[in-house]
Structure formats: structure tokens, C-alpha cells
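# Chains, contacts and geometry: an overview
Chain by chain, the residues:
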Amino acid sequence: MVGGMRQMPSAEMVNLISFLAVLLIFFSIDVRAREAEATDPWHVHFFGWTARIGGGATAVALALGWVDLYLPDEGSPIHVAFVAVPGSVGVLCAIVLGVEMLWQRR
């Protein structure tokens, strides 16, 4: 038996696309709320770039998932990994930004 990623049925892809759309809204709100100055500490810039990278990765995963949704399930040119890898990067960035909120004080 050869290991690998399983095929994702259309019903599961719809759930994933919905999750990615909500995550993309989160990143767009977060990025717009950040204004880093050149004199700010390194962690301000780090979390700003985390939001940008997460938003970009989530947008790529969402777009590829959307296209894959309308292609036939068998023989699709878009492998599940093309959606899963950038989607996972987006989720990891969201987790990092969630951890940031634990220590953020204003």
C-alpha cells in the first residue's frame, strides 16, 4: 500500500473553502488594523508580516480550492496538497496571531 493524501470529496471541499473564507476575512481585518513604524520593536514587524503571509497563503488555498470544486473529482489537475499546504500555512499564521493576543496589552 502506497501512502499519500486521499482525495477530497466535493462536500468536504465546500467545508474547507468556507473555513478558508472566514480565515481570509480574519486576516484582512488584522492587516488593515496594523500600522508598523520603522522604530517599532521587531515583534511588531514580525506579527505584521505573519498576517500578510497568512492572508496570502489563505487566498491561494481558497482560490485553488474554489477552482478544484468545479473540476471533476477523478483526474483533477489540482492535487489536494496544492490546497492543503497553503491552507496549513494560513492556519499556522492564525495560531501565531492568536498567541500574540495573549500577551497584547494596550
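Parameters at a glance
- Residues numbered from 1 in each chain as written.
- Predicted model: local features only at pLDDT ≥ 70, side-chain atom pairs only at ≥ 80, totals over all residues.
- Heavy atoms only, no water.
- Helix = DSSP H or I, 4+ residues; strand = E, 2+ residues; numbered from the N terminus.
- Expected span 1.5 Å × (residues − 1).
- Buried < 20%, exposed > 50% of the residue type's maximum accessible area, 1.4 Å probe, protein only.
- Contact = heavy atoms within 4.5 Å.
- Salt bridge = Lys/Arg side-chain N within 4 Å of Asp/Glu carboxyl O.
- Phe/Tyr/Trp six-rings, centres within 6.5 Å; stacked < 30°, edge-to-face > 60°.
- Lys NZ or Arg CZ within 6 Å of the ring centre and 35° of its normal.

## With respect to helix α1 (residues 10–32)
In an α-helix, one turn spans 3.6 residues, which is why side chains three or four residues apart end up on the same side. For α1, spanning 23 residues, the distance from its first C-alpha to its last is 33 Å, which sits close to the expected 33 Å at 1.5 Å a residue. For α1, the complete set of buried residues consists of Met 13, Ile 17, Leu 20, Leu 23, Phe 27 and Asp 30. Contacts made by the buried residues of α1 are with α2 (42–69) and α3 (80–103).

## Here's the deal with the pattern of salt bridges
Taken as a whole and judged by the stated rule, the model has two salt bridges. Asp 30 serves as the salt-bridge partner of Arg 34, at 2.8 Å between the closest nitrogen and oxygen. Each of the two residues, Arg 34 as well as Asp 30, counts as buried. One salt-bridge network, held together by shared partners, links Asp 30, Arg 34 and Glu 100.

## Digging into the packing of aromatic side chains
Here the structure, examined in full by the defined rule, presents four aromatic pairs. Centre to centre, the rings of Trp 42 and Phe 46 are 6.3 Å apart; their planes meet at 55°, and the pair counts as tilted. Residue Trp 42 and its partner Phe 46 are located together in helix α2, separated by four residues, close to a single helical turn. The exposure class assigned to Trp 42 is exposed, which follows from its relative accessible area of 67%. Given the relative accessible area of 43%, Phe 46 is considered partly exposed. Between Trp 66 and Tyr 70 the ring centres are 5.3 Å apart and the planes differ by 70°, which places this aromatic pair in the edge-to-face class. On the basis of relative accessible area, Tyr 70 is assigned to the exposed category, the value being 59%. Counting every residue linked through ring pairs, the aromatic cluster contains Trp 42, Phe 46 and Phe 47. Taking NZ or CZ as reference, Arg 52 lies 5.3 Å from the ring centre of Trp 49, over its face.

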